[in-house]
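The lines below spell out each chain.
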Amino acid sequence: MSPAKPPAVILDVAGHEVRISNPDKVVFPEPGLSKLDVVNYYLTVAEGALRGAGGRPMVLKRFPKGIDAEPFFQKRVPENHPGFIHTATLHYSSGTSAEETVIRDAAGLAWVVNLGCLDLNPHPVRAEDLDHPDELRVDLDPMPGVDWSQIVDTAYVAQEVLDNVGLVGWPKTSGSRGLHILVRIAPRWSYRDVRLAAETLAREVENRAPGLATARWWKEERGESVFVDFNQNAKDRTVASAYSVRSRPDARVSTPLSWDEVRSARPEQFTVRTVPDRFEDLGDPHSGIDHAAGSLDGLLSLAAEMGPAEKAPRSGDGSGRRMSTMPLIEIARTKTKPEAHAALEEWKARHKEVVPDLHPSDVLVDGMRGSSSLWYRVRVNLQHVAEAKRPQQEVLIADYDPWAGKQWPGRT
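Quick caveat: nothing in here was measured; it's all calculated off a predicted structure.

A. Molecular detail of the packing of aromatic side chains. One pass over the full model with this rule turns up four aromatic pairs. Ring geometry for Phe227 and Phe230: centres 6.2 Å apart, planes at 75 degrees, overall edge-to-face. The exposure classification of Phe227 matches that of Phe230, with both residues buried. When the ring of Tyr243 is compared with that of Phe279, the centres are 5.4 Å apart and the planes differ by 90 degrees; the resulting orientation is edge-to-face. One end of the pair, Tyr243, is in the loop between strand S14 (226-229) and helix H6 (275-282); the other, Phe279, is in helix H6, and 36 residues separate them in sequence. Taken as a pair, Tyr243 and Phe279 share a single burial class, namely buried. Over the ring of Tyr92 we find Lys75; its NZ or CZ atom is 3.9 Å from the centre of that ring.

If you want it as structure tokens, here you go:
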């Protein structure tokens, strides 16, 4: 017989009953944190977490099998959700729509954690106005081989650009390797305008700090630089919000910072164990963010001055596909990240003679969004390998199809 599950815990959160099933389930083995520990963490920092995610439709990123297994993404609010969970219906560029979860209080935080959510992934719009974002998101994403000081230097260049166009940036650790800068804006512009403004910001940061930062969308063209990821502002994209717990072994937290501490802070300092004390002692460095909404006029004027960004060349086979300017080969497509790394190691064993020539940024292991979960693509950029030594494209070591068996209305 399988052992009986421990009884659920019923929490009274500001007058709402929230049921926490399997409260002793270990979510983070390394620091020994249970599901109930994660719930209590969110209740402690609820004011800050709701400032980032409250009142916004959100995608539920669920980890039902723990942090070592791939999560799945749930757009639609679960049936039979409690009355304190609100909803908003979003219409996607694919032509589909979904009634998404909107949390507005601490009980909502506890409820989504009970579903297996760790980080919070809200859209940059309020539930009351789904067509006009009120937040521009700057994601500073370091390429392999880039250290923290380079990310910080890029952040200060971005701050300078924002200041020049009359906007205020609010930095936070991403909870992974990078930094986010949040910019509150008046909800007057479309998604298209907000993305254009973000791309313009990224291009201007690259112009001011070439080699340090890049706005190049195609990963193989970035080198060892910090990518200013403007596409996080495209419709349907979400970013882990402030005080989100990330699925790292140390239970790292995406933590708001003041600009004075960006230089000295390190992402590994901020975890589920340490952030509650910091929140109690210092409060929320982003407490004033909602009172700093600005205008995109400056960035959109700069966009007009700069003109359109350079487009990648297209293949001549009639497919319209982008043609890379780099000597790329694809290694594998896999369902999980460990499988991706295993395939990469197999390829390296086959081609030992070229491995010493590869730079860290030449190895591209990308998490790709499937219909409801991530899959992984492995590629190698041979730009630093002498042409005569370059391996040819081979049959993929693994060829996972994330869309196998999927059907969409109106499509074959």
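B. Seen up close, the nonpolar core. Membership of the largest hydrophobic core comes to 86 residues, with the highest contact counts inside it found for Phe28, Tyr41, Tyr42, Leu136, Leu140 and Leu296. No other element matches the eight residues that helix H4 (residues 148-164) contributes to this core. Among the nonpolar cores identified, the runner-up in size contains 15 residues, and Ala340, Val378, Val380 and Val385 belong to it.

C. View of helix H2 (residues 46-53). The buried fraction of H2 is high, at seven of eight residues. Of the positions making up H2, those classed as buried are Ala46, Gly48, Ala49, Leu50, Arg51, Gly52 and Ala53. Elements in contact with the buried residues of H2: helix H1 (35-44), helix H3 (106-114), strand S9 (121-122), strand S12 (179-184) and H6. Among the residues trailing H2, Gly55 stands out with phi positive, at a value near 80 degrees.

D. A look at the sheet that holds strand S11 (residues 170-173). Across the sheet, which stays open at both edges, the five strands sit in the order S11-S12-S10-S14-S13 with mixed pairing between neighbours. The sheet terminates laterally at S11 and strand S13 (213-214), the two strands that pair on one side only. Where S11 and S12 come together, four bridges link them in antiparallel fashion. Among the inter-strand pairings, Lys172 is bridged to a residue of S12, identified as His180. Against the sheet, H4 touches strand S10 (135-142), S12, S13 and S14, its axis set at about 15 degrees to S12.

E. Examining unusual backbone geometry more closely. Even without being a glycine, Asp236 presents a positive backbone phi close to 85 degrees. On the secondary structure map, Asp236 appears in the loop between S14 and H6. With a phi angle near 55 degrees, Ala251 is a residue other than glycine that sits in the positive phi range. In this fold, Ala251 is placed in the loop between S14 and H6. Overall, Ala251 belongs to the buried group, its relative accessible area being 0%.

What counts and what doesn't
Residues numbered from 1 in each chain as written. Predicted model: local features only at pLDDT ≥ 70, side-chain atom pairs only at ≥ 80, totals over all residues. Heavy atoms only, no water. Phe/Tyr/Trp six-rings, centres within 6.5 Å; stacked < 30°, edge-to-face > 60°. Buried < 20%, exposed > 50% of the residue type's maximum accessible area, 1.4 Å probe, protein only. Helix = DSSP H or I, 4+ residues; strand = E, 2+ residues; numbered from the N terminus. Lys NZ or Arg CZ within 6 Å of the ring centre and 35° of its normal. Core = buried A, V, L, I, M, F, W, Y, C linked by side-chain atoms within 4.5 Å. Contact = heavy atoms within 4.5 Å. Pairing = 2+ DSSP bridges. Axes fitted to C-alpha atoms, helices over the stretch in contact; angles between N-to-C directions.

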